[in-house]
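# Commentary on secondary and tertiary structure
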Amino acid sequence: MSQPPFLPFTRPSIDDATIEAVASVLRSGWVTSGPEVRRFEEELEAYLGGERRVRVFAHATGALEEVLRALGIGPGDEVIVPAMTFAATANVVRRVGARVVFADVGLSTRNMDLDHVARLLGPRTRAIMPVHFAGLPVDMDRLYALARSAGVRVVEDAAHAIGARWHGQRIGSFGDVVVFSFHANKNLTSIEGGAVSVSSADTALVERLERLRFHGLCKEPDGSYDIECVASKHNMSDVCASIGRQQLRHLDRWNTLRRNLAAHYFTHLESSPLAPGLPERGDEGHAWHLFSLLVPFAQYGTDRARFHAAMHAQGIGVGTHYPALPDTTLYGVEIPAGDCPNARTIGRQTVTLPLFPAMTVQDVKRVCSTLHSVLRVRTTATA
Ligand SMILES: Cc1ncc(COP(=O)(O)O)c(C=O)c1O
């Protein structure tokens, strides 16, 4: 019997309407930042709800960096960052000259351990940067209570969390500064892109972000412009914005599909010997950007490289999100070996399983049975 088609761990959903929208921007004669960007920002504001202003960027990395700059964070300051996240969350702190302070994460939530954050807060702390890992919201009540009592800013790295909700409220519809990513593997993509959501009352911050995203320029009423600060270039093109706008129409439906597929993973894995590695289940507010399982490779007589190769040979793509930052060459030198043990365990054991809206529940079943056979795990049944 021939093998079913290769199943990647993620794949963007790009429909004909999106291709048509791009073609129409290309034909319009205006392809860089223009009317599509403004409409995308307005539609994101309407989608998030709340009294918010949204400004889009070329990517979340640039947005996060300029947010820190806009908040005046720099040399001599500390920012608390989870030890389990993508490189960008910590790198932007270093890029503005501030010090990264790593907080450990929960083994199943993979979100910042807020007890550890409380112990790390000090006189130099200027901000906490939580990541809603895989789309599971951080405990927002505790996070903001902690930040308020310490008098520090919160910059939410919501790269994984567009469409996620905390107690029914969308992530980005409230909170201090919230940054989304629209990179190709995210729940909503503009191919590359990002967005910052801030309170509409904070017009000064919105203006600073506008300057910092485009050369420090400020438009004058007579059509000329002034330059107010040294700045880089992080604007989103209309081509990318037109893709994002089309995606936004489908986002909630896609997130429901993701949630349903995640529920099937639980059905197949909950009674398996692999169950201890399952992620936190969360509730309806989970955006399920990633589904990652902890696999103690050595216990199954293998290692990550052999496991990935074996899954690949069976037609299934898997990923690693992420190596723990304290175990990387850059950040490892300054972090004692015993620090952030949960993040390091996750970094050694994590396996990202396929999850994207076009997948079927049969695909989930196939991933789980392949997983069990590759690891030679005995199971009673996988539904
Ligand atoms: C947690 C996290 N933060 C930030 C980023 C950076 O996003 P972008 O690729 O849009 O710059 C990513 C991207 O994967 C991410 O996963």
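So, a few notes on the structure that sits alongside this text. (Residues numbered from 1 in each chain as written. Predicted model: local features only at pLDDT ≥ 70, side-chain atom pairs only at ≥ 80, totals over all residues. Heavy atoms only, no water.)

### A closer look at helix H11 (residues 341–349)
Heads up, the rule is: Under the scheme applied here, a residue whose accessible area is under 20% of the maximum for its type counts as buried, over 50% as exposed, and between as partly exposed, the area being computed with a 1.4 Å probe on protein chains only. Numbering of helices and strands runs from the N terminus, with a helix taken as a DSSP run of H or I at least four residues long and a strand as a DSSP run of E at least two residues long. Whether two residues touch is decided by their heavy atoms; if any such pair falls within 4.5 Å, the residues are in contact.
The set of residues buried in H11 consists of Ala343, Arg344, Thr345, Ile346, Gly347 and Gln349. Where H11 is buried, its residues meet strand S12 (291–294), helix H9 (304–313) and strand S13 (350–353).

### Some remarks on the sheet that holds strand S2 (residues 78–82)
To summarise the sheet geometry, strands pair through backbone hydrogen bonds and adopt either a parallel or an antiparallel arrangement. Quick reminder of the rule: At least two bridges found by DSSP between two strands are what make those strands a pair. Axis geometry follows a simple rule: fit a line to the C-alpha atoms, using only the stretch in contact for helices, then measure angles between N-to-C directions, giving values from 0 to 180 degrees.
Across the sheet, 7 strands lie side by side as S1-S9-S8-S5-S4-S2-S3; this open sheet has mixed pairing. Strands with a single pairing partner mark the edges of an open sheet, and in this sheet they are strand S1 (52–57) and strand S3 (99–103). Within the sheet, the average angular offset between the axes of one strand and its neighbour, ignoring direction, is 25 degrees. In the packing of helix H4 (residues 87–95) onto the sheet, the strands contacted are S2, S3 and strand S5 (153–157), and the crossing angle to S3 comes to about 150 degrees. Most of the contacts of helix H7 (residues 203–213) go to S1, to which it runs at about 5 degrees, and overall it touches S1, S5, strand S8 (177–181) and strand S9 (194–199).

### Notes on the layout of surface pockets
Heads up, the condition is: Lining residues are defined by having an atom within 4 Å of a point belonging to a cavity or pocket. Those points lie on a 1 Å grid over the protein atoms alone, cavities being sets where a 1.4 Å probe fits but cannot get out and pockets being open sets with protein on both sides within 12 Å along at least five of seven lines. Grid points are joined across faces, edges and corners, and a volume is the space filled by probe spheres set on the points.
Approximately 780 Å³ is the volume attributed to the largest pocket. Considering the residues around the largest pocket, the lining is formed by 24 residues, among which Ser33, Arg38, Arg213, Phe214 and Lys219 are closest to the centre. Listing elements by their share of the lining of the largest pocket, those giving two or more residues are helix H2 (35–48), S1, H7 and strand S10 (217–219). A per-element tally of the lining of the largest pocket places H2 first, with 6 residues.

### Things to note about the environment of Ala98
Following the sequence through the fold, Ala98 ends up in the loop between H4 and S3. Overall, the relative accessible area of 5% leaves Ala98 in the buried class. Other than its neighbours up to four places away in sequence, Ala98 contacts Ile73, Gly74, Pro75, Asp77, Val79 and Val93.

### Points about the nonpolar core
Using the following cut-off: What makes a nonpolar core is a set of buried Ala, Val, Leu, Ile, Met, Phe, Trp, Tyr and Cys residues whose side-chain atoms join them at distances within 4.5 Å. The start and end points of each domain follow an automatic or database-based domain assignment.
If you look at the biggest cluster of nonpolar residues, it comprises 45 residues, and the most contacted ones within it are Val93, Phe102, Met129 and Val196. Counting residues per element, the ones that place at least two in this core are helix H3 (60–70), S2, H4, S3, S8, S9, H7 and H11. Here this core takes 6 residues from H3, the largest share from any one element. The two domains that each donate at least three residues to this core are domain 1 (16–244) and domain 2 (251–374). Sequence-distant contacts of Met129, that is, excluding residues within four places in its chain, are made with Leu64, Leu68, Val79, Ile80, Val81, Pro82, Thr89, Val92, Val93, Met112 and Val155. One finds Val56, Val117, Phe174 and Val178 within the second-largest nonpolar core, a separate group that totals 40 residues.

Geometric descriptors of this kind do not, in isolation, establish any biological role.
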